[in-house]
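# Coordinate analysis (summary)
Each chain, letter by letter, is given below.
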Amino acid sequence: MVVRAVASSTQQSPEERAPTPPPAPQHFTTFVPVVAPAVSPDDPAMARGHQKAQSQEKNKQKQAAMKKSGHNANEQKKAAMKALTFQCPICRGMMPDPKTYKQHFENKHPKDEMPEELKEM
């Protein structure tokens, strides 16, 4: 078997080259920026701006009324604490009335001796 060395050239014949695809068509699109006209937020033609101002004013009035009426969590807690008049000597739980206090003591502390104020009931 005889092996011949073939000198390779960097140039290929037109038959050996792979065919090149045709160039893709180019689409020309022009982008035109759209700029909104400058409008002040106080302009009545701008509906959302007007609604926003009305909403803010209404909310401000509502907050002022809430503040005047004294409706806050701290006052609610104070009112709730006034209603809880009985305190369990064992667990320091607060109860609103003697009936609830007695039920609490029977259920939560059955082995402990019942206080004198509950024995009378």
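Residues numbered from 1 in each chain as written. Predicted model: local features only at pLDDT ≥ 70, side-chain atom pairs only at ≥ 80, totals over all residues. Heavy atoms only, no water.

### Brief notes about the side chain of H109
As a reminder of what qualifies: Starting at the N terminus, helices and strands are each numbered in turn, a helix being any DSSP run of H or I of at least four residues and a strand any DSSP run of E of at least two. Burial classification: accessible surface area is computed with a 1.4 Å probe over protein chains only, and a residue below 20% of its type maximum counts as buried, one above 50% as exposed, and the rest as partly exposed. In what follows, residue pairs with any heavy atoms lying within 4.5 Å of each other are defined as contacts.
Position of H109 among the secondary structure elements: in the loop between α3 (98-108) and α4 (116-119). The exposure class of H109 is buried, given its relative accessible area of 10%. When sequence neighbours within four positions are dropped, the list of residues in contact with H109 reads C88, I90, C91 and H104.

### Concerning the packing of aromatic side chains
Centre-to-centre distance and the angle between the planes together describe a pair of aromatic rings. Applicable threshold: Any pair of Phe, Tyr and Trp rings, taking the six-membered ring for Trp, is counted once the centres come within 6.5 Å. Such a pair is stacked with planes under 30 degrees apart, edge-to-face with planes over 60 apart, and tilted for the rest.
What the rule picks out here adds up to 2 aromatic pairs. A ring pair is formed by F86 and Y101, whose centres lie 5.8 Å apart and whose planes are at 25°; its orientation type is stacked. Remark: Y101 occurs in helix α3 and F86 occurs in strand β1 (residues 86-87); sequence separation between them is 15 residues. Taking the relative accessible area as the measure of exposure, F86 reaches 25% and is therefore partly exposed. A relative accessible area of 1% means that Y101 is categorised as buried. When the ring of Y101 is compared with that of F105, the centres are 6.5 Å apart and the planes differ by 90°; the resulting orientation is edge-to-face. Of this pair, Y101 and F105 both sit in helix α3, 4 residues apart, which is roughly one turn of that helix. Every member of this aromatic cluster is reached through a ring pair, and the members are F86, Y101 and F105.

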